[in-house]
Amino acid sequence: MNILVINCGSSSLKFQLINSDTEAVLAKGLCERIGIDGRLVYQPAGKEKEITEAAMPTHKEAIQMVLDALMNAKTGVIKSLDEVGAVGHRVVHGGEKFASSTVITAEVMKAVEECNDLAPLHNPANIIGIEACKALMPNTPMVAVFDTAFHQTMPEEAYIYGIPYKYYEQYKVRRYGFHGTSHSFVSKRTAEYLGKPLESLKTIVCHLGNGSSICAVNGGKSVDTSMGLTPLEGVMMGTRSGNIDPAIMEFIAKKENLDIDAIMNILNKESGVYGVSGLSSDFRDLENAAEEGNAKAKLAREAFCYQVAKIVGGYAAAMNGVDAIVFTAGVGENDGIVRKEVCKYLGYLGVQYDEASSSVRGKEATLSTSDSKVKVLLIPTNEELAIARETLLLVTK
Ligand code: AMP
């Protein structure tokens, strides 16, 4: 069966068409600037990228363009929409309502809408994407795969914040965590890679990308994770602050006469390694600048590694041990210096990092020495494949 995986943002849409028998990507791409002007980047497997500028007033036109590209006589990979067996949608927030992926029904849509206030930037866009797909493919089964679902196994002491309990009762303010599809995929693959039962392993997954989150996985279940009610919490990221003293918000607001929206914009878009370096959110730019002697770029990278290591150490304590520390996502899969610097702090856990592994990129590998008590691994994430697998499972049940 071919499965179309859709990841909708407010003005963008990423897609992959995956053959679930072979797990091969038949075509992939993205629509950008939806609602502004519109641009489709389409890439059939093994062929050149095609870029088409065309009006996309809404997500519906964008999805129509994607479907047309997939069926194009010259560069398409399917002849008709009958060859799309199911659509898997990434949905950011499932609140406490969804502990697993689900086939989309009218009731599910209502429940997803009820989670909108928990992710006002993301969930409405996900819903628009689902509605647009349903309008164009009314008879194709659709599945929602939630970023938060994997973390619903966290115990109460891990998800409750130290604020009045009534805010949890009234508004469901608690830790939810994100990147769940990635943490689940990578922790499962870790067990396969090590040839050990998932139930026997204590794993810490470091998903380090433009957004970063770390997850403690005990016996295949998420027991803690660094992102919280929103993806702003945790380690500093590309442009997000991560953990700060909450009183900083009031302090800066008063000093600079800013309202809460302006403060949130600073914490989401002008902070993290970008904010500290004043240069870039991209770790490659920071590495190059640090090498040329830029002290702030060096500091941003060092502070990032330090914060990651502190959380990893905390999760080893939370699980009373750790068997494997796993790096994944853009920075985790590519930046050997970040991996090495993080591991430098973890010697007391029994981590012996193999210096020679720093050049390994984007493929499964062991990064620790053979006598390291804790395994350090690189396991590339693949959220689209994980969504396609979940979708197949649910539509063939
Ligand atoms: P992601 O959000 O997982 O797509 O990761 C994106 C981030 O990965 C980029 O912003 C870069 O900072 C980082 N990245 C990608 N490739 C490399 C690389 N070769 N070396 C260092 N960092 C990289």
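Residues numbered from 1 in each chain as written. Predicted model: local features only at pLDDT ≥ 70, side-chain atom pairs only at ≥ 80, totals over all residues. Heavy atoms only, no water.

Visitor: I'd love a proper account of the pairing of strand β9 (residues 202–208), names of residues and values included.
Guide: The side chains of a regular strand alternate, residue by residue, between the two faces of the sheet. Extensive coverage of β9 is indicated by the burial of 6 of its 7 residues. Both β9 and strand β10 (residues 212–218) contribute to a ladder of 7 bridges, which runs antiparallel. Each residue of the ladder has a partner; that of Thr203, found in β10, is Val217. In this structure, the hairpin formed by β9 and β10 is closed by a connection of 3 residues. Strand direction decides the pairing type here: β9 and strand β12 (residues 324–328), joined by 5 bridges, are parallel. Residue pairing for β12: Thr203 is matched across the bridge by Ala324. (Buried < 20%, exposed > 50% of the residue type's maximum accessible area, 1.4 Å probe, protein only. Helix = DSSP H or I, 4+ residues; strand = E, 2+ residues; numbered from the N terminus. Pairing = 2+ DSSP bridges.)

Visitor: Residue-level account of the environment of Val77, with values.
Guide: Within the element layout of this structure, Val77 appears in the loop between α1 (59–71) and β6 (84–91). Placed 47 residues apart in sequence, Val77 and Leu30 show a C-alpha to C-alpha distance of 16 Å.

Visitor: Please set out α1 residue by residue, giving values where relevant.
Guide: A turn of α-helix holds 3.6 residues, and therefore any two residues three or four places apart point the same way. Given a rise of 1.5 Å per residue, 13 residues ought to cover 18 Å, and the 18 Å separating the end C-alpha atoms of α1 matches this to within 8%. If you check which residues of α1 are buried, you get His59, Ala62, Ile63, Met65, Val66, Leu67, Ala69 and Leu70. The inward-facing, buried residues of α1 contact β1 (2–8), β2 (13–19), β3 (24–32), β4 (39–44), β5 (50–53) and α3 (123–136). (Expected span 1.5 Å × (residues − 1). Contact = heavy atoms within 4.5 Å.)

Visitor: Explain the packing of aromatic side chains residue by residue, including any values.
Guide: Under the defined criterion, the tally for this structure stands at 7 aromatic pairs. Ring centres 5.8 Å apart and planes at 50° place the aromatic pair Tyr159 and Tyr168 in the tilted group. In this structure, Tyr159 and Tyr168 share a single accessibility class: buried. Their ring planes at 15° and their centres at 6.3 Å tell us that Tyr167 and Tyr171 sit as a pair that is stacked. Of this pair, Tyr167 and Tyr171 both sit in helix α5 (residues 166–171), 4 residues apart, which is roughly one turn of the helix. Relative accessible area serves as the criterion here: at 52%, Tyr171 is assigned to the exposed category. Ring-pair connections join several aromatic residues into one group, and the members of that group are Tyr159, Tyr165 and Tyr168. In this structure, Lys172 packs its charged tip against the face of Tyr168, placed 4.9 Å from the ring centre. Here the basic side chain of Arg174 rests over the ring of Tyr159, its NZ or CZ set 3.6 Å away from the ring centre. (Phe/Tyr/Trp six-rings, centres within 6.5 Å; stacked < 30°, edge-to-face > 60°. Lys NZ or Arg CZ within 6 Å of the ring centre and 35° of its normal.)

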